Amino acid sequence: MIISWNTTQACNISCVHCYRDAGTKRNDELSTEEGKKLLDEMARAGFKIIILSGGEPLMRSDIYELISYAKSIGLRPVLGTNGILITKEVAIKLKEAGLGAAGISLDSRDKNIHDKFRQSEGAWDKTIAAMKACREVGLPFQIHTTITTWNEKEVTDITDLAVEIGAMAHHIFFLVPTGRGKDIEDTTLKTEQYEAVLTRILEKQKEVPIELKPTCAPQFMRIAKERNIPMRFTRGCLAGTAYCVILPNGDVQACPYLPIKIGNVKQTDFDVLWRDSEMFNKLRHEPLKGGCGTCGYDGICGGCRARAYYYYDGDYMAEEPWCDRGVREVKE
């Protein structure tokens, strides 16, 4: 099982798609001690991998302490970062603290497109430098790319860059309209384009030695099965079943893109919320609606629950709106 902790709302850039609408630190973010208690509760609940993200997690002064503590209690800490703050010295400190890997965001091979997406001049150069720093000190890293109509044509070219620069994987995120992402909803890939890009990614997997994983696009599991492409993954959407997220202030959500508060770890231990939450148990045990409940792939796909929430007026059990299975009546 894998879990995310958005450790801070603070960020050094202002990406146009940011689901957390990050920028300024909240005054109610979890303290170091509250964070360590949360990590204990995650381990107690059976989680194995903890993604420390943000905002920008490297803006937390105690991030190395949190990484070290997570490692000490048997969790595998990994980082979700824009990479801008990673120098060789920072990469060394991250490795010494016990970081398993860094997920570094890169949205284009064209620095102008990337910098525009990240709204930060020079971001591309600093991000590439961060990857090279990680490679130099032996800290594993992977590339994270958010796909929209702006950059979908170059997705496999970014995979080639990932191979060239020494990344261990390329994880490709399909935009979900939440946070600032709502402002660019018109750039999301719709049904035919969505299916075509997923197919290109999975066919590319046959050609490269690194792992490719579409994220927030659970239909990749159905396409992989239809095309007999081996995958190590067991299910597409893990929201509430083998994954959830903790927000900077301690609120718990099934997914970063599904803005329904389940509880807060300052009031209730996380492992209790994970076990007893009505929403988590609904996601685990109740059948999905529409095409997602009848297509025959619900066990390995699950449809995007956050996208269903957005396009079906808050019904997170509705069918995935941009899958080519089932009937869709969504807002366009």
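Residues numbered from 1 in each chain as written. Predicted model: local features only at pLDDT ≥ 70, side-chain atom pairs only at ≥ 80, totals over all residues. Heavy atoms only, no water.

*Asks:* Explain unusual backbone geometry to me, please; I cannot follow it from the model alone.
*Replies:* Residues other than glycine predominantly adopt negative phi, and peptide bonds predominantly adopt the trans conformation. Here the amide bond leading from Gly54 into Gly55 is cis, since omega sits at 10°, within 30 degrees of zero. If you check the backbone angles, Asn228 has positive phi at about 55° while not being a glycine. On the secondary structure map, Asn228 appears in the loop between α8 (220-226) and β8 (243-246). Take Asn228: its relative accessible area is 69%, and that puts it in the exposed class. The residue Asp313 is not glycine, and still its phi comes out positive at about 50°. When you line up the elements, Asp313 lands in the segment after α12 (305-311). (Helix = DSSP H or I, 4+ residues; strand = E, 2+ residues; numbered from the N terminus. Buried < 20%, exposed > 50% of the residue type's maximum accessible area, 1.4 Å probe, protein only.)

*Asks:* Just to check I follow, could you spell out the pattern of salt bridges for this structure?
*Replies:* Between side chains of opposite charge, a pair can form when the charged atoms approach closely. For the structure shown, the criterion picks out 27 salt bridges. A single network of salt bridges, built from pairs that share partners, joins Lys37, Glu41, Arg44, Asp269 and Asp271. (Salt bridge = Lys/Arg side-chain N within 4 Å of Asp/Glu carboxyl O.)

*Asks:* How should I be thinking about the nonpolar core in this particular structure?
*Replies:* What tends to happen in soluble globular proteins is that the nonpolar side chains get buried as a cluster. In terms of nonpolar packing, the biggest core is built from 92 residues, with Trp5 and Phe270 touching the most fellow members. The element best represented in this core is helix α5 (residues 123-137), accounting for seven residues. If sequence neighbours within four positions are ignored, Phe270 has contacts with Ile3, Leu38, Glu41, Met42, Ala45, Phe47, Cys244, Ile246, Val252 and Val265. Counting residues in hydrophobic clusters, the runner-up holds seven residues, among them Cys11, Ile13, Cys15 and Ile84. (Core = buried A, V, L, I, M, F, W, Y, C linked by side-chain atoms within 4.5 Å. Contact = heavy atoms within 4.5 Å.)

*Asks:* Just checking my understanding: could you explain the environment of Asp110 for this structure?
*Replies:* With respect to the secondary-structure elements, Asp110 resides in the loop between β4 (101-105) and α4 (111-118). Once the C-alpha coordinates of Asp110 and Glu154 are considered, the two residues, 44 residues apart in sequence, prove to be 9.6 Å apart. Those residues in contact with Asp110 that lie beyond four places of it in its chain are Trp124 and Glu154.

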